[in-house]
Amino acid sequence: MRKPIIAGNWKMHKTVSQSVSFVEELSGLIGGADKVETVICPPFTALYAVRDLAKGKIQYGAQNMHWQEQGAFTGEVSPVMLKDVGCKYVIIGHSERRQYFAETDATVNNKLKAAFVHDIIPIMCVGETLEQREKGDTEAVVEEQVRKGLLDLTAEQVGAMVIAYEPIWAIGTGRTASSDDANAVCAFIRRTIAQVIGSQAAENVRIQYGGSVKPDNIRELMNKSDIDGALVGGASLEAASFVKLIKY
């Protein structure tokens with residue numbers, strides 16, 4: 001049985017003090033929500049500050065990382081650094097990283113491998129643009145991202161990670177894929193993994209949907225067969241809103 005995972009990607013929001021206040025508030029609201037794994041992904045500057053607050057029912061992770069352990073990579077953060085501040089998760093290959101910072105399937109693959117070396121669970125993002133969707137290329141685009149991203153990973157590694165299907169046209173736009181469409185792509189991802197890696201990995205891997213997820217659509221999405229959680233942007237920035245997703 002795959003445990004649902006609701007992860008909040010704060011992107012470039014919240015100072016250290018705001019991050020601390022958020023976690024303190026969420027801790028008071030979350031109560032006994034232990035049937036769902038809750039993850040927050042603050043900016044790098046706040047990771048150390050939340051490490052002693054995000055315990056028990058709240059896990060935390062980073063929004064990106066380099067694949068090298070150290071070196072002359074100005075402005076980058078290594079997996080060693082993330083492990084040092086206690087990160088359990090790291091988001092890899094978000095569409096904004098691909099679009100604005102030249103992230104490729106090859107760099108995603110490098111980062112996934114590095115995450116596993118350092119015992120950090122990756123959340124790999126895949127998804128198509130509106131133009132690709134309108135051309136009917138959704139499955140072709142997503143399959144290529146999955147195949148290239150997971151290249152040379154073991155079945156055990158793939159089964160332990162998280163994949164987030166985030167249609168780019170639905171991120172931050174207020175537009176959401178219908179629950180049927182979202183589930184169809186998540187199911188396609190699972191079938192692709194079964195073909196490439198094996199049926200056990202496909203059964204074990206948790207697949208999230210992301211893209212304008214809100215309290216009023218979370219239940220419908222989570223009722224679908226192949227959606228195991230959500231990667232949430234804007235709705236994760238307010239504790240009162242985020243806890244409604246956790247307690248769907």
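All values derive from a computational prediction rather than experimental measurement. (Residues numbered from 1 in each chain as written. Predicted model: local features only at pLDDT ≥ 70, side-chain atom pairs only at ≥ 80, totals over all residues. Heavy atoms only, no water.)

For the structure shown, the criterion picks out 17 salt bridges. With its nearest N and O atoms 3.4 Å apart, the salt bridge here joins E203 to R2. Here E203 is found in helix α10 (residues 199–204), whereas its partner R2 is found in the segment before β1 (5–9), with 201 residues between them in sequence. The exposure class of R2 is buried, given its relative accessible area of 18%. The network of salt bridges with common partners includes R2, R190, E203, D226 and D228. (Salt bridge = Lys/Arg side-chain N within 4 Å of Asp/Glu carboxyl O. Helix = DSSP H or I, 4+ residues; strand = E, 2+ residues; numbered from the N terminus. Buried < 20%, exposed > 50% of the residue type's maximum accessible area, 1.4 Å probe, protein only.)

Looking now at the side chain of N9. Relative to the elements of secondary structure, N9 occurs in strand β1. Overall, the relative accessible area of 5% leaves N9 in the buried class. Within the structure, the side chain of N9 is placed 3.1 Å from the backbone nitrogen of K11, a separation counted as a polar contact. Filtering out sequence-adjacent residues up to four positions away, N9 remains in contact with C41, Q63, I91, H94, L231, V232, G233 and S236. (Polar contact = N/O pair within 3.5 Å; in protein donor to acceptor, adjacent residues only side chain to side chain. Contact = heavy atoms within 4.5 Å.)

Looking at the secondary structure, you find V162 in strand β6 (residues 162–165). The exposure class assigned to V162 is buried, which follows from its relative accessible area of 0%. Spatially, the C-alpha atom of V162 lies 9.5 Å from that of N204, the residues being 42 residues apart in sequence. Those residues in contact with V162, other than ones at most four positions away along the chain, are I5, Y89, I121, P122, I123, M124, R206 and Q208.

Turning our eyes to something else, we now look at the side chain of D228. Position of D228 relative to the elements: it lies in the loop between α11 (218–222) and β8 (229–232). Within the structure, the side chain of D228 is placed 3.0 Å from the side chain of R2, a separation counted as a polar contact. Beyond its immediate stretch of four places on either side in the chain, D228 contacts R2, K3, P4, I5, R190, V205, R206, I207 and M222.

We now examine the packing of helix α5 (residues 105–117) against helix α7 (residues 138–149). Each pair of packed helices can be described by the angle between their axes along with the distance between the axes. At a minimum axis distance of 8 Å, the contact between α5 and α7 shows a crossing angle of 40°. Taken together, α5 and α7 sit at an angle that is classed as oblique. When you trace α5 past α7, the crossing you get is right-handed. Here D105, V108, N109 and L112 of α5 lie close against α7, whose contacting residues are E144, Q145, K148 and G149. (Axes fitted to C-alpha atoms, helices over the stretch in contact; angles between N-to-C directions. Parallel < 35°, antiparallel > 145°, perpendicular 65-115°, else oblique. Left-handed = near helix turned anticlockwise from the far one by under 90°.)

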